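# Geometric and topological summary
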Amino acid sequence: MAGTILEKNVVAGQENPVDVLIIGGGMVGVTLALLLAREPGLHITLVEAISLPVLVPGEVLPFRPSFDARNTALSRRTVATYRELGLWDAMQTHATPIHEIHVSERGHFGMAHLRAAEEKVESFGQVIENAWLGLVLLQALKACSNVTVLDGVTLTGIEPGEKSVTAHLQRGNERFALTAPLLVAADGAQSVSRDFLGVAADSTPYEQVALVTTVATHLPHDNIAYERFTEHGPIALLPLPEGRRSVVWTLPLGEEKALIDCSDEAFLQQLQQAFGKRAGRFVKTGKRFAYPLVLTVAHIQALPRAVILGNAAHSLHPVAGQGFNLCLRDCLALTERLCEAHRQGRDLGDFSLLKAYEAARVDDQHNVIQFSDKIVRGFSNATPGLTLARNIGMVTFDLLPAAKQALARYAMGLNQ
Ligand SMILES: Cc1cc2nc3c(=O)[nH]c(=O)nc-3n(C[C@H](O)[C@H](O)[C@H](O)COP(=O)(O)OP(=O)(O)OC[C@H]3O[C@@H](n4cnc5c(N)ncnc54)[C@H](O)[C@@H]3O)c2cc1C
């Protein structure tokens, strides 16, 4: 149902002071708002283009586990953050821990096997259904008295000034402007606010799509996550509640259409053929969706009075499940700096403060972007020598505790 989630805070025009104005209420914008909201005296306004669902306080969240939704693998670091925010108890009712990770290449001998127990952790991370994650985050936002949410609002322009930045907004026929010391552009890979701020981005299409669906197999998933490289592209299989599994199948652009349009039986048969029998027999599938894959990296992330965050700053290939986990580490670093500045009575839009944030984050961002990109390109190459090298690499890797530990730490979001 369309509407606003925060009727009490919805204002046409600026009734309350705004310290941080966030454009974009996706996973990143909402998480940043929740992190900042813990700082007493800090006022946050979040602007979202889409009308958000109306959530009634005290009522059960309107969610039914489905075969149709996208899922996200949250690293241990991300889970720990939501735990600190007091949200993990609610989130984990629809989350599934990953106890093992199997990486293999179809038709070849190499295989890498990571076990959480060997790394002395309970899990490598958790897989959560995006729809549930969104509902829990929105409900938490609703409880924050220092956050105002304006949904169903379009951004029509940004006007940076010396002491503040102004966002021009529109809801229906109503036009209004909001002014704040700092604007955070968190409106996704196609960020309009990034454009309004005059920041260019490099976009490199992979000429691939991620076909996403949910399946059931005749065997239990045993909390194992699979990354299987096939001649058609990598297939990630992640464990979900009630024995379901999330599928992210990377395919050359154009090949997804037939797999979306065909019958469920035909799809299951082709998935089985591509993936093999490692996870058991695929017996049921949900609706299939396709996401075109493009590596997008903004040229800069810090400007006077503005920061570019989340997919607007860097949108990566989902092969390694690192995109959101990286964004969350950005959110933590930005929150730390902004809260400290607020306590010191400093200007939150001060360019040197925002530049320091950017400088602190570029290494981690660069490493994760390169890591994801190299996996995609390394495994897309069928040259015989490379195939052999990959497989020897995987076998030796499986025998090398130090290398395994390094990758495990990466998967858990502990290495930067
Ligand atoms: C198939 C797939 C699987 C993935 N799996 C994983 C995974 O397992 N683990 C992981 O860590 N990451 C994963 N990712 C990456 C993850 O989904 C992204 O990192 C994350 O969605 C980024 O969130 P965001 O809020 O920055 O952007 P978005 O999710 O794009 O949200 C942007 C928000 O801004 C709003 N908006 C847009 N324009 C405007 C405007 N002009 N004004 C106001 N609001 C606006 C949109 O409506 C939206 O709500 C995956 C990605 C894909 C494609």
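So, here is what we can say about the structure in this document. Every chain is numbered independently, its residues counted from 1 as its sequence is written. Reporting of local features is limited, given that this is a predicted model, to residues whose pLDDT is at least 70; pairs of side-chain atoms are given and counted only at 80 or more, and all residues count toward the totals for whole chains, interfaces and linings. Calculation of side-chain values draws on the structure's entire complement of heavy atoms; hydrogens and water are dropped beforehand.

Turning our attention to the overall build of the protein chain. Put simply, DSSP marks the helices as runs of H or I at least four residues long and the strands as runs of E at least two long, and each gets a number from the N terminus on. For the protein chain, the helix and strand inventory stands at eleven helices and 21 strands. For the protein chain, buried positions account for 54% of its 416 residues. It only takes one pair of heavy atoms within 4.5 Å for two residues to be counted as in contact. The long-range fraction of contacts in the protein chain, counting pairs at least 24 apart against all pairs at least 6 apart in sequence, stands at 74%. Note on areas: Shrake-Rupley, 1.4 Å probe, and residue coverage restricted to the protein chains presented here. Total accessible area computed for the protein chain in this model is approximately 17,900 Å², and 55% of it derives from carbon and sulfur atoms. Each residue is assigned to one of three classes by its accessible area relative to the maximum for its type, calculated with a 1.4 Å probe on protein chains only: buried under 20%, partly exposed between the two thresholds, exposed over 50%.

At Glu207, a position not held by glycine, the phi torsion is positive, near 60 degrees. You can see Glu207 is positioned in strand S13 (residues 201–217). The phi angle at Glu242 is positive, at roughly 55 degrees, despite the residue not being glycine. Tracing the backbone shows Glu242 in the loop between strand S15 (233–239) and strand S16 (244–252).

Remark on secondary structure: sheet strands pair via backbone hydrogen bonds, oriented parallel or antiparallel. With mixed pairing, six strands are arranged side by side in an open sheet as S8-S2-S1-S12-S20-S19. Each edge of the open sheet carries a strand with a single partner, namely strand S8 (147–151) and strand S19 (302–303). Of the pairings in the sheet, the one linking strand S1 (residues 20–23) to strand S2 (residues 44–48) comprises four bridges and is parallel in character. For Ile23, the partnering residue across the bridge sits in S2 and is Val47. A fitted line through C-alpha atoms serves as each axis, taken over the contacting stretch for helices, and the angle formed by two N-to-C directions is quoted from 0 to 180°. Strands S1, S2, S8 and strand S12 (182–185) of the sheet are contacted by helix H1 (residues 27–37), whose axis makes an angle of about 170 degrees with S2. Any two strands with at least two DSSP-identified bridges between them are counted as paired.

With that settled, the discussion passes to the site of the ligand. Proximity criterion: a residue is near a molecule or strand once any of its heavy atoms comes within 4 Å of it. As a matter of local geometry, the ligand sits amid 28 residues, with Glu48, Arg70, Ala73, Asn311 and Phe324 nearest to it. Interatomic distance of 2.8 Å between a backbone N/O atom of Phe324 and an oxygen atom of the ligand. Here the ligand loses 84% of its free accessible area of 1,000 Å² to cover by the protein chains. Elements with a minimum of two residues in the shell around the ligand: H1, S2, strand S3 (71–75), S13 and helix H8 (323–343). Here a polar contact is recorded for every N or O atom pair within 3.5 Å, except that within protein the pair must consist of a potential hydrogen donor and a potential acceptor, and residues adjacent in sequence are included only if both atoms are side-chain atoms.

On to the sheet that holds strand S11 (residues 174–180), then. Taken together, the three strands give an open sheet; going across it, the order is S9-S10-S11, and neighbouring strands pair in antiparallel fashion. Unpaired on one side and paired on the other, strand S9 (154–160) and S11 mark the two borders of the sheet. Averaged over all pairs of adjacent strands, the angle between their axes in this sheet comes to 20 degrees, without regard to strand direction. The pairing of S9 with strand S10 (residues 165–171) spans six bridges and is antiparallel. Residue pairing across strands places Glu159 opposite Thr166, the latter belonging to S10.

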